[in-house]
Amino acid sequence: MTNLIIHFSKYVIIVLMIFYTLYSFLVFTYDDEERQASLYRKQNVLTLLFHFICFLVIYLEEPKIETIYFYGAQVVFFLAAIILYTTLYPRIARVILNHMLMLLSIGLVMITRLRFEQGIRQFVFMVLALAVSLIVPVIVRKVRSLAELRLIYGIVGVVSLLAVLVAGGISNGAKLGFTIGPVNIQPSEFVKLLFVFFVASSLYKKRDFRNVCITTIVAAAHVLILVISRDLGAALIIFVVYLVMLYCATGKFVYPLAGLAAGSIAAFGAYHLFSHVQARVIAWKDPIASYDEQGYQVAQSLFAIGTGGWFGMGLCQGMPETIPVATSDFIFSALCEEMGIFFGLCLILICLSCYMMFLNVAMKFRSVFYKLVALGLGTCYIAQTFLNIGGVIKFIPSTGVTLPLVSYGGSSLISTMVMFAIVQGLYLLREDEERIIEKKRQKSR
Amino acid sequence: MKRNGKNPDDFHIEILDFNQDRDVYDGSLEENIINQVEEPSVIPAKPRPSRRRRAENLEDFQEEKLPPSPKEKARRKRNRQLTALTYGFVALFICMMAYLVYYNQVRARSFIRDPHNARLDSMAEHVVRGPVLDQNGHVLAETQTSDDGTMYRSYPYGSLFAHVVGYDSKGKAGLESAFNFELLTSHASFFEQIQNDLKSQKNPGDTVITSLDSDLQETAAAALGSSKGAVVAIEPDTGKILSMYSNPTFDPATVAANWDALTNDEDSALLNRVTQGAYAPGSTFKIVTALEYLRENGSDSNYAYDCNGSFTYSDTTIHCYNNTAHGMETLESSFANSCNASFVNIGLHLNASKYRDSAQELLFNRKLPCPFNAKKSRFDVDKNTGPGELMMTAMGQGNTQISPYHLALIGCAVANDGLLMKPYLVTEIQNDRQKTVKKYSPKSYRELMSSDEAAVLQRYMRSVVTSGTGQALNTSMYTAACKTGTAEYSSDKTKSHSLFVGYANAEHPDIVVAVVVENADQSGVSAVSIAKSLFDAYYSK
């Protein structure tokens, strides 16, 4: 009977996931708010159902009482998140909230299945992040001086990156963060957000050549420090975010073009200067040929995805533990191996849907500052998602970034949840903006 | 344009600023358009009002400035970059998703077979390794359970299929390695799998059905006898491999037990000589030389050569076999007689770089299409090659090396009017109840020569049988066509390998055979006689 449930579950999981994904795009075609709301509720039900089935399988594979308690705590967390968000902010963007919860639950399932104690740590961070993220929308909505803090954003960003470079601990050959007691903090995860605010506050008023130059120098400082710390992924994300924001702020195609040219030259130089950059490219070209050294990670990742196939091996039926850092950077391969490529494709679509929502918020803004913030955060999110998934499926060389909300890692988790909360704040702000305009129009009539 | 960040109305001001600032920016088209639309009311007639005042006026501004339609237009214009970006990232993600699908559909099957993939071993914990059958359903390999319940791999034909079917231990080889994944995958019915799960039994692995013919394989082994060498038979119009035998051979069931002895074996019994052997092609290479002559000269109608038994150029002298003087010859009779002098004469006048191109089109120095890892053949002549080496190469000596498998592929291309079909061994995968899981159908690989060129070579190879060195095959049972070869492999000119490539029937080729017999001078076993045994066996059914 147990075997039957475990076998059957993988198909159920895929069906749930497909429906969830369909709903998240279907909702755009509904105008009726009632119908939209019912779809959102259905999405929550699907998430909880998915979560239940996965934990049932995990429990059946290894019946431990802790698993049940842990599951219970998670359900309480999800319900609390839904209720708190929707009562505190009734006009919130439900799609973004639902996606956040779905991605969190997917991550929790896989991390718990791989390493129970990491699952618990992840959950603790999640609760913390929820608490923080609940007040973020109020701050975004009410604190009007966010646009004026350009100096603070820039200085805090550069200084904290420098601090990591000087005093940070080394993990996997890269200087990523500090270890304080049991917690390892990666400032670069938070600097990404600060950087978006920095660029937005710098470019929303003045876009003359001089100001663009100053902003570019600060941005280049960010990227350089990250490259020297060997945090290539974060460097790339900041680079892309800056080009995108600069392009949209100025409307001039020359800037990103010049940026891309400079970036290409820099990448070429980095490839010839740094062996760790070469290693990534070698592994990407032929992971099997370089299996004993550079290619190991990517080869294991591809073994996992390929062996899993369309439908996956079934939860707890594969060997994702053979993939290095399966809970963080390579969690997408672990998910594909056990839940299948269909599941993986749906996951990609959900991430894409998040991005489209972010950009949607950006487009509707009339205020340039907030528009740029929404755009920057969206770009930051999608660039990281692309670098992560593209890297593990060997579409591009891997750069060692996490999959936002899904991967294990406290800093990444908290910063992404804060990012989502900021966008929620912007969404509300944009509705305020619209309401003001509407009100004034009516008054004048 | 400084502003007070703490002013609660600042938000509104910002909207206003956004529009007014537009005047300041040296602007893109987009901004100009906004200004055109907004012009009449944007610029206040009087001097710029105080911050406070402007904020109060906001509502009027909003309404009049932006009537719905132009407002929407302006917004779209403003969002042009954002829209482009969104589309860009969406396109990027679609590419990425397509790549994931492509990887799984096209690349994954061969990728995950890699022995480094630990997952394949774990599959054996849940699945009983499936059997391998020949085309008539004879079992070539299967898993059996001994009395004490342990499972072991059994090979009913012993050492006969050792190289092609391979072994399931010590890193695996042959089909056991190449189709490891399929053999360890179960497509038993859902219901059966559930039953097995409930009973905690392993599921039956899938059956791999090959195109191999055990009768032909037995014939090849018997004909080769104790001689070292290789025999391969392929259907030229489909690419199905019917037989692949390499001698000396070994017992695949005891590979693990005899591993040390096998790896230190002087005769390299583990080596699949069909795909991994490298031999001087000898006169079989005259197929390539003749083809190159035809390509450079258009036709053979102007070729004539008077053979007196040897050919000398500067200080190199090449002799015909047994110093036979063949007299006046056309290209066709030179080919049939396998006249070294005539072919050396041709070689000396060939364009070396075009010669190299032709050889490479025939897959020399190239990765061969093969179910296993096949050795690349070697062809060294290029534009820097001297005449001595060119002469040797033209008659199949020199540095050129070929595997018996590659020789057969060239035979297949000639027999199939120039088009090489992709060779394959496995025709079908079935589940434990003989239900087809997957069928493999013939696929063309590449046209190695034009059909006109193939037609000329077919004629030449036919005359080898009717009037040349292959007359042993001249029988009424079938119409064979072939090229024979004797390759010296050391400085001692009497030591030689015997080679053969040929097919039958000449009119409609059913089977291509390639044979290499090592040290044929000592054993007296010629490749052509082995080929004859195979053709006889094939057509006597």
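All values derive from a computational prediction rather than experimental measurement.

Criteria and cut-off values
- Per-chain numbering applies: the sequence of each chain, read as written, is numbered from 1 onward.
- Chains and ligands are labelled sequentially in the order written, the chains with letters from A and the ligands with numbers from 1.
- This being a predicted model, a pLDDT of at least 70 is required before a residue's local features are given, and a value of 80 or more before pairs of side-chain atoms are given or counted; all residues contribute to the totals for chains, interfaces and linings.
- The way it works is that DSSP assigns letters per residue, a run of H or I at least four long becomes a helix, a run of E at least two long becomes a strand, and they are numbered from the N terminus.
- With C-beta atoms placed from the backbone, a contact is any residue pair whose C-beta atoms sit within 7 Å.
- In this count, Pro and Cys sit with the nonpolar residues alongside Ala, Val, Leu, Ile, Met, Phe, Trp and Tyr, while Asp, Glu, Lys and Arg are called charged and the others, Gly among them, polar.
- Pairing between two strands is assigned when DSSP locates at least 2 bridges connecting them.
- In this analysis an axis means a line fitted to C-alpha atoms, helices contributing only their contacting stretch, and an angle means the value between N-to-C directions, from 0 to 180 degrees.
- Every angle not falling under 35 degrees, over 145, or within 65 to 115 is termed oblique; those three ranges are roughly parallel, roughly antiparallel and roughly perpendicular.
- Should the near helix be turned anticlockwise from the far one by less than a right angle, the crossing is left-handed, and should it be turned clockwise, the crossing is right-handed.
- Expected helix span is computed as 1.5 Å times (number of residues minus one).
- Counting other C-beta atoms within 10 Å of each residue's C-beta, where C-beta atoms are placed from the backbone, gives the exposure class: buried for 20 or more, exposed for 12 or fewer, partly exposed between.
- In predicted models, pLDDT denotes the confidence assigned by the predictor to each residue on a 0 to 100 scale.

Enquirer: Explain the overall build of chain A to me, please; I cannot follow it from the model alone.
Expert: Check the secondary structure of chain A and you find 16 helices and 3 strands. In chain A, the share of contacts with a sequence separation of at least 24, taken over all contacts with a separation of at least 6, comes to 71%.

Enquirer: Just to check I follow, could you spell out the overall build of chain B for this structure?
Expert: The secondary structure content of chain B amounts to 22 helices and 19 strands. Long-range contacts, defined as pairs at least 24 residues apart, comprise 65% of the intrachain contacts of chain B with a sequence gap of at least 6.

Enquirer: I tried to follow the interface of chain B and chain A on my own but got confused; where do I start?
Expert: In many reports, interface size means the accessible area that the parts give up when they come together. Contact with chain B, which involves 44 residues of that partner, is made by 51 residues of chain A. Listed by contribution, the elements that provide at least two residues to the side of chain B that touches chain A are α1 (10–24), α3 (51–65), α5 (80–111), α6 (118–123) and α10 (190–198) of chain B. No other element matches α5(B), which puts 16 residues into the side of chain B that touches chain A. Taken together, the residues of the side of chain B that touches chain A break down into 23 nonpolar, 10 polar and 11 charged.

Enquirer: I tried to follow the sheet that holds strand β17 (residues 480–488) of chain B on my own but got confused; where do I start?
Expert: To summarise the sheet geometry, strands pair through backbone hydrogen bonds and adopt either a parallel or an antiparallel arrangement. All names here are of chain B. Strand order in the open sheet formed by 5 strands is β8-β7-β19-β18-β17, and the pairing between neighbours is antiparallel. The outermost strands of the open sheet, each flanked by one partner alone, are β8 (241–247) and β17. Neighbour-to-neighbour, the strand axes of the sheet open up by a mean angle of 5 degrees, direction not taken into account. The sheet contact formed by strand β18 (residues 496–504) and strand β19 (residues 511–517) spans 7 bridges and is antiparallel. Residue valine 501 lies in a different strand from β19, and its bridge partner there is alanine 514.

Enquirer: It is not clear to me how the sheet that holds strand β4 (residues 151–154) of chain B should be interpreted in this structure. Could you clarify?
Expert: All names here are of chain B. Across the sheet, 6 strands lie side by side as β4-β3-β2-β6-β14-β15; this open sheet has mixed pairing. Where the open sheet ends on each side, the last strands, each with one partner, are β4 and β15 (436–439). As paired elements, strand β3 (residues 139–145) and β4 share 4 bridges and run antiparallel to each other. Within the sheet, the bridge partner assigned to threonine 145 lies in β4 and is methionine 151.

Enquirer: What is the right way to look at the pairing of β15(B) in this model?
Expert: In the case of a regular strand, side chains alternate between the two sheet surfaces. All names here are of chain B. Relative to β15, strand β14 (residues 426–430) runs antiparallel, the two sharing 3 bridges. Counterpart to isoleucine 429 in the pairing with β15 is lysine 438. Hairpin connection of β14 to β15: 5 residues between the antiparallel strands, including glutamine 434 at a positive phi of 60 degrees.

Enquirer: Would you explain the packing of helix α15 (residues 368–392) of chain A against α5(B) in this entry?
Expert: Running from N to C, α15(A) and α5(B) point in directions that differ by 15 degrees, and their axes come no closer than 11 Å. As judged from the angle between their axes, α15(A) and α5(B) are roughly parallel. In the packing of α15(A) onto α5(B), the handedness of the crossing is left-handed. Contacts between α15(A) and α5(B) involve A:Leu375, A:Ile382, A:Phe386, A:Ile389 and A:Gly390 from the first element and B:Leu82, B:Phe89, B:Leu92, B:Phe93 and B:Met96 from the second.

Enquirer: Looking at this structure, I do not really get the packing of helix α4 (residues 94–114) of chain A against helix α14 (residues 341–364) of chain A. What am I missing?
Expert: What describes two packed helices is the angle between their axes and the distance between those same axes. All names here are of chain A. Following both chains from N to C, one finds α4 and α14 inclined at 145 degrees, their axes separated by 10 Å at the closest point. Viewed along their axes, α4 and α14 form a crossing whose handedness is left-handed. Here α4 contributes Val95, Ile96, His99, Met102, Leu103 and Ile106 to the contact with α14, which in turn contributes Leu347, Ile350, Ser353, Cys354 and Met357. Considered class by class, the residues forming the contact of α4 with α14 number 9 nonpolar, 2 polar and no charged.

Enquirer: Is there a simple way to explain helix α7 (residues 187–203) of chain A in this structure?
Expert: When the terminal C-alpha atoms of α7(A) are compared, their 24 Å separation across 17 residues agrees well with the 24 Å that a helix rising 1.5 Å per residue should span. Within α7(A), 16 of the 17 residues are buried, leaving the element largely enclosed by the surrounding structure.

Enquirer: Any chance you could explain the pairing of β14(B) here in plain terms?
Expert: When strand β6 (residues 207–210) of chain B meets β14(B), the two strands line up antiparallel, connected through 4 bridges. For B:Val208, the partnering residue across the bridge sits in β14(B) and is B:Ile429.

Enquirer: Which parts of the structure should I look at to understand the confidence of the model for chain B?
Expert: Low pLDDT marks regions whose predicted coordinates should not be analysed in detail. For chain B, per-residue confidence averages 85 on the pLDDT scale, and 86% of positions sit at 70 or higher. Here residues 1–66 of chain B is modelled with pLDDT under 50, and outside its nearest four sequence neighbours on either side it reaches 71 contacts, counting other chains as well.

Enquirer: How do you make sense of unusual backbone geometry when you look at a structure like this?
Expert: Across the chain, the bulk of peptide bonds are trans and the bulk of non-glycine residues have phi less than zero. Residue and element names in this part refer to chain B. The linkage connecting asparagine 247 with the following residue, proline 248, adopts the cis geometry, with an omega of 5 degrees. Structurally, proline 248 is set in the loop between β8 and α12 (259–263). Of note, the amide linkage connecting alanine 504 to asparagine 505 takes the cis form, showing an omega dihedral of -10 degrees. For asparagine 505, the position within the fold is in the loop between β18 and β19. The residue asparagine 323 is not glycine, and still its phi comes out positive at about 60 degrees. By secondary structure assignment, the location of asparagine 323 is in the loop between β11 (316–319) and β12 (327–329).

Enquirer: Just to check I follow, could you spell out the environment of B:Thr254 for this structure?
Expert: Counting through the fold element by element, B:Thr254 comes out in the loop between β8 and α12. Overall, B:Thr254 belongs to the partly exposed group, with 15 C-beta atoms counted inside 10 Å.

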